[in-house]
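Results of the structural survey
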Amino acid sequence: MTIKLYGAAMSTCTARVLACLHETGAEFELVPVNLLNGEHKQPAFLAKNPFGQIPALEDGDLTLFESRSMSTYVAEKFKGSGGDLLRAQNLKEAALVKTWMEVESQQFSPAISPIFYQFYIVPMQGGSPNQAIIDENSEKLGKVLDVYEKKLGSTKYLAGDFYSLADLHHLSYIYYLMKTPSAKLINERPHVKAWWEDISSRPAFEKVASGLILGEK
Amino acid sequence: MAMKSTRKLYGSLNSPPTLKVLACLFEHDLDFEFVPIDIEAGEHKKKPFLSMNPFGQVPVYEDGDVKQFESRAIIRSMAHQYGKKGEELIYWDSRQQAVVANWIDVEDHHFEPPVLKLISELVLKPKKGLTPEEETVAGAEAKLAKVLDVYEARLSKLKYLASDKYTIADMLHLPNIQALMGTQAKKLFDSRPHLSAWCAEILARPAWIKVVEMQQNAQA
C-alpha cells in the first residue's frame, strides 16, 4: 500500500513530511495540489483537511493532516527498516525527542515562519519584505537559537547524541532561511551551524532540497 | 501535603499548560509532588528553574529518568507510559494514534491561538484593570468561530475529537475552554450543539474537577 502525500514539493510543511518519507525509505506518491487555482479550498481537498491547508496524507483508509503528526506516523510505521527517529524503545530518549519536537513547534516555528513569509511569500504576492517584522522575529529566533547553541554544545543533536525527528522537523525552514540575509542567525552560532551542516547533508534531505525552489527565478 | 514521590511537577495554577498536565496526572491516578513556581515574581526566568527549562516556561516534569518540559510532550509521554488498560487516553495502534496526534496539533495550531487572544483580552486584561480591545476581540472571535465550525462538523460524526473515546486530544482543550466559558465568547460554544455537548462532557471529567478544586483551594 503506497502512501499518498497531497501537497507541493516547494512548500515547507510538505517538505517536512517528504524529508521523513525519504529518511525512512517509505514508498509514497506525491500528489500535487494546485494552490494557485485554490484547489486546497475545494470540497475534495477539504474532505482531507477541513482547514484547507497542505499537506494531507492518505494511507489506505487513514487520512491525516498537520505535517508533524503525519511525519510522526511515517516514522512510527517504518521504524526498524527506516531508522529510529522516535527512539521508542528507550523511555528517557523517547521523552526527549517529544520535548524537542514540541520546542520546534512552539518556540522555533513561530519565530522563523514570519521571517520566511516576508522573504518568500510577500514578494510572490507583489509586495516587499517588511524589515520591521523581519527584525522583530530575528530577535526572537536569535533567543531560541541561543538555547540551541548551548544544547548543541553538549549533545550532537537536539534530543541527544542521535538524529531524531526533532532535528528533521527543522530542515525545510532553515534551508530557506539560509538563502536570505537572516542566514547569519545560523552562521554566527558555531554549534548550530555545525548541526545544520550535518543534518542538511543527509542524503534523504538532499532529495527534498532539490524541490525547495521558492524564490528561484 | 507534600507527598514524597519520584514524580514532580513544577508549575503554576494560573498557567493553562500546568493545568493540562495536572488533568493528565489525575486521569492516570498518579501520585506526584506539585512544586509551585512563582510566575509573578519571575521565578521561571531565573535559575534554578532556567536550568530545568532553558525557555523559561512552566511546567517542568520529572519522573525518575524522564525529565521534560513542554506540556504536550509531557502529556504524550505520560499517556503512553501509564495508559490504564481499557481506559487509555491514547491508542497503541499507530493508525488510530496518528489521528489523536493530528487533533493535538489542531488544538495547538488552530484552536489555541485565537483562544489565547480572547483569554488575554477578556480575562487577563480586566484582572489588571485594563479594558479589552474591541477590534482584537472581534477578530479573534471571528477566527475562533471558523475553527469551531470545523469542530462542530467533526463532533457531529464522532463523540470526541479523535474518535469515539476520550483522548488526550480532547483533554488539552480543558483549561482554555473553562476560562472562555466565563466570558462573552461562551456564545460561540453554546450556539453549536455538538460542540456544546462535548464541552459539557469533558468539563465534567472527575480528573478535571480535581484540577479546578486544586485551583480554588489555592485561591482560598
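Just above sits the structure.
Conventions we followed
- Residues numbered from 1 in each chain as written.
- Chains lettered and ligands numbered in written order.
- Predicted model: local features only at pLDDT ≥ 70, side-chain atom pairs only at ≥ 80, totals over all residues.
- Heavy atoms only, no water.
- Helix = DSSP H or I, 4+ residues; strand = E, 2+ residues; numbered from the N terminus.
- Buried < 20%, exposed > 50% of the residue type's maximum accessible area, 1.4 Å probe, protein only.
- Contact = heavy atoms within 4.5 Å.
- Areas by Shrake-Rupley, 256 points an atom, 1.4 Å probe, with all protein chains shown as cover.
- Lys, Arg positive; Asp, Glu negative; His and termini not counted.
- Charge placed at Lys NZ, Arg CZ, Asp CG, Glu CD.
- Pairing = 2+ DSSP bridges.
- Axes fitted to C-alpha atoms, helices over the stretch in contact; angles between N-to-C directions.
- Expected span 1.5 Å × (residues − 1).
- Arc of directions from axis to C-beta.
- Buried area = accessible area lost by both parts, 1.4 Å probe.
- Salt bridge = Lys/Arg side-chain N within 4 Å of Asp/Glu carboxyl O.
- Polar contact = N/O pair within 3.5 Å; in protein donor to acceptor, adjacent residues only side chain to side chain.
- Nonpolar A, V, L, I, M, F, W, Y, C, P; charged D, E, K, R; others polar.
- Parallel < 35°, antiparallel > 145°, perpendicular 65-115°, else oblique.
- Left-handed = near helix turned anticlockwise from the far one by under 90°.
- Core = buried A, V, L, I, M, F, W, Y, C linked by side-chain atoms within 4.5 Å.
- Phe/Tyr/Trp six-rings, centres within 6.5 Å; stacked < 30°, edge-to-face > 60°.

**A few points about the overall build of chain A**
- Within chain A, the regular secondary structure consists of 10 helices and four strands.
- For chain A, the N- to C-terminal ordering of α and β elements is β-α-β-α-β-β-α-α-α-α-α-α-α-α.
- In terms of overall dimensions, chain A has a C-alpha envelope of 50 × 45 × 25 Å along the principal axes.
- Each of the 217 residues in chain A was classed as buried or not, and the buried ones make up 56%.
- Considering only contacts within chain A whose residues lie at least 6 apart along the sequence, 65% involve residues at least 24 apart.
- With the model as given, the accessible surface of chain A reaches about 9,500 Å², and the carbon-plus-sulfur share is 53%.
- For chain A, the distance from the average position of its 22 positive side-chain charges to the average position of its 25 negative side-chain charges is 2 Å.

**Section: the sheet that holds strand β2 (residues 28-32) of chain A**
Residue and element names in this part refer to chain A.
- Pairing is mixed across the open sheet formed by four strands, whose spatial order is β2-β1-β3-β4. The sheet is open, and its two edges are formed by β2 and β4 (62-65), each paired on a single side. Averaged over all pairs of adjacent strands, the angle between strand axes in this sheet comes to 20°, irrespective of strand direction.
- Strand direction decides the pairing type here: strand β3 (residues 56-59) and β4, joined by four bridges, are antiparallel. When the sheet's bridge partners are listed, Ala-56 is paired in β4 with Phe-65.
- Across the sheet, helix α1 (residues 12-24) is in contact with β1 (3-7), β2 and β3; its angle to β1 comes to roughly 155°.
- Here helix α3 (residues 67-77) sits on the sheet in contact with β1, β3 and β4, set at roughly 135° to β4.

**Concerning the sheet that holds strand β4 (residues 66-69) of chain B**
Residue and element names in this part refer to chain B.
- Read from one edge of the open sheet, four strands run β2-β1-β3-β4, paired in mixed fashion. Among the strands making up the open sheet, the edge pair consists of β2 (33-36) and β4. Across the sheet, the axes of successive neighbouring strands diverge by a mean angle of 15°, strand direction being ignored.

**So, helix α10 (residues 206-219) of chain B**
Residues and elements named next belong to chain B.
- Helix length check: α10 (14 residues) gives 20 Å between terminal C-alpha atoms against 20 Å at 1.5 Å per residue, within 8%.
- Of all the residues in α10, the buried ones are Ala-207, Trp-208, Val-211, Val-212, Met-214 and Gln-215. For α10, the angular spread of the buried residues around the axis is 150°, confining them to a single face. Of the residues in α10, the exposed ones pointing more than 90 degrees away from the buried face are Pro-206 and Asn-217.

**Quick word on the interface of chain B and chain A**
- Between chain B and chain A, the residue contacts involve 28 residues of the former and 30 residues of the latter.
- Together, the buried faces of chain B and chain A total about 2,600 Å²; carbon and sulfur atoms form 62% of this surface.
- Linking chain B to chain A there are three salt bridges.
- A salt bridge links Asp61(A) to Arg95(B), with the nearest nitrogen and oxygen atoms 2.8 Å apart.
- Where chain B packs against chain A, one counts 13 residue pairs in polar contact (both at pLDDT 80 or more).
- Counting residues per element, the side of chain B that touches chain A draws most heavily on helix α4 (residues 94-127) of chain B, which supplies 12 residues.
- Looking at side-chain class alone, the side of chain B that touches chain A contains 12 nonpolar, eight polar and eight charged residues.

**Topic: the packing of α4(B) against helix α5 (residues 134-155) of chain B**
Residues and elements named next belong to chain B.
- Closest axis-to-axis distance for the α4/α5 pair is 9 Å, and the angle between their directions is 150°. If you check the angle between α4 and α5, you find them roughly antiparallel. Like other packed secondary-structure pairs, α4 and α5 cross with a definite hand, here left-handed. Contacts between α4 and α5 pair Val-99, Trp-103, Val-106, Glu-107, His-110, Phe-111, Pro-114, Val-115, Lys-117, Leu-118, Glu-121 and Leu-122 from the former with Thr-136, Val-137, Ala-140, Glu-141, Lys-143, Leu-144, Val-147, Leu-148, Val-150, Tyr-151 and Arg-154 from the latter.
- Along the lines of polarity and charge, the residues of the contact of α4 with α5 split into 15 nonpolar, two polar and six charged.

**Comments concerning the nonpolar core**
- By size, the foremost hydrophobic cluster in this structure holds 138 residues, and its most contacted members are Trp100(A), Tyr148(A), Leu22(B), Tyr151(B), Phe189(B) and Trp198(B).
- In this view, Tyr151(B) contacts Trp103(B), Val106(B), Glu107(B), Phe111(B), Leu161(B), His173(B), Leu195(B) and Trp198(B); residues no more than four positions away in its chain are not counted.

**What to know about the packing of aromatic side chains**
- According to the stated counting rule, one finds 21 aromatic pairs over all chains in the structure shown.
- Here the aromatic rings of Phe51(A) and Phe65(A) are separated by 6.0 Å at their centres, their planes lie at 55°, and the arrangement is tilted. One end of the pair, Phe51(A), is in the loop between α2 (43-46) and β3; the other, Phe65(A), is in strand β4, with 14 residues separating them in the sequence. Like Phe65(A), Phe51(A) is buried.
- On the numbers, 5.9 Å between centres and 70° between planes, the contact of Tyr160(B) with Tyr166(B) is edge-to-face. Note on accessibility: Tyr160(B) and Tyr166(B) belong to one class, buried.

**Examining the pattern of salt bridges**
- Counted by the stated rule, this structure contains 31 salt bridges over all chains.
- Of the charged contacts, one joins Glu58(A) and Lys48(A) as a salt bridge, the two residues approaching to 3.0 Å between their closest N and O atoms. With Glu58(A) in strand β3 and Lys48(A) in the loop between α2 and β3, this pair connects stretches of sequence that are 10 residues apart. For the pair shown, Glu58(A) and Lys48(A) are each scored as buried.
- For Arg95(B), the salt bridge goes to Asp59(A), with nearest N and O atoms at 3.6 Å. Linking Arg95(B) in helix α4 with Asp59(A) in strand β3, this pair reaches from one chain into another.
- For Arg95(B), a relative accessible area of 23% gives the class partly exposed.
- Each of Lys20(B), Arg72(B), Glu107(B), Asp108(B) and Glu112(B) takes part in one network of salt bridges that share partners.

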